[in-house]
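# Report on the structure
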Amino acid sequence: MGLAGTIRTLRVVAVGHVTHDRYGEDLVPGGCAYFGARAALELGAAVRLLTAVGEDICLAEALTGMETVILTGSATTVFTNEYPPGQPRQQIVETQAPVIPLGALPT
């Protein structure tokens, strides 16, 4: 079995916050768990994502194609990214989703 076949049989569990990343007026999906899950999915792996978001989640369509376990709380984590000229990126946490308890991990 080649690499492509190996990846198709790979099962990935990603755990972490799917975030709203703000760039000016635009919101895009973000967060390490989201990017890891999306990359594995695009490579053909079966993906399960455990995340916590708020009822204000507006990027849920970005989770299409992966099995999700979503814990809902009061807010979705929002990062604002600013790029001042000649300076490093500044990232501000506007809101934070609830903690993901260990007991929520899928079997």
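Refer to the structure above for everything that follows.
What comes next is a walk through the structure.

### Quick look at the overall build of the protein
Counting its secondary structure elements, the protein contains two helices and seven strands. In the protein, the order of α-helices and β-strands from amino to carboxyl end is α-β-β-β-α-β-β-β-β. Seen through its C-alpha atoms, the protein measures out along the principal axes to roughly 50 × 35 × 20 Å. Put simply, the protein has 107 residues, and 37% of those count as buried. Across the protein, contacts joining residues at least 24 apart in sequence account for 51% of those joining residues at least 6 apart. Total accessible area on the protein stands at roughly 6500 Å², and carbon and sulfur atoms take up 58% of it. Side chains of the protein carry 6 positive and 10 negative charges; the gap between the two charge centres is 14 Å.

### As for the environment of Ala40
Note on placement: Ala40 falls in helix 2 (residues 32-42). Through-space distance from the C-alpha of Ala40 to that of Pro106 is 18 Å; in sequence the pair is 66 residues apart.

### Considerations on the pairing of strand 4 (residues 46-54)
Taking burial as the measure, the nine residues of strand 4 include eight buried ones, the bulk of the element. Of the strand pairs in this sheet, strand 1 (residues 11-15) and strand 4 are connected by five bridges, and their pairing is parallel. Paired with Val13 across the strands is Arg48, a residue of strand 4. Bridge count for strand 4 against strand 5 (residues 67-73) is seven bridges, and the pairing is parallel. Bridging from a neighbouring strand, Gly54 pairs with Gly73 of strand 5.

Reading the values: rules and limits
Residues numbered from 1 in each chain as written. Predicted model: local features only at pLDDT ≥ 70, side-chain atom pairs only at ≥ 80, totals over all residues. Heavy atoms only, no water. Helix = DSSP H or I, 4+ residues; strand = E, 2+ residues; numbered from the N terminus. Buried < 20%, exposed > 50% of the residue type's maximum accessible area, 1.4 Å probe, protein only. Contact = heavy atoms within 4.5 Å. Areas by Shrake-Rupley, 256 points an atom, 1.4 Å probe, with all protein chains shown as cover. Lys, Arg positive; Asp, Glu negative; His and termini not counted. Charge placed at Lys NZ, Arg CZ, Asp CG, Glu CD. Pairing = 2+ DSSP bridges.

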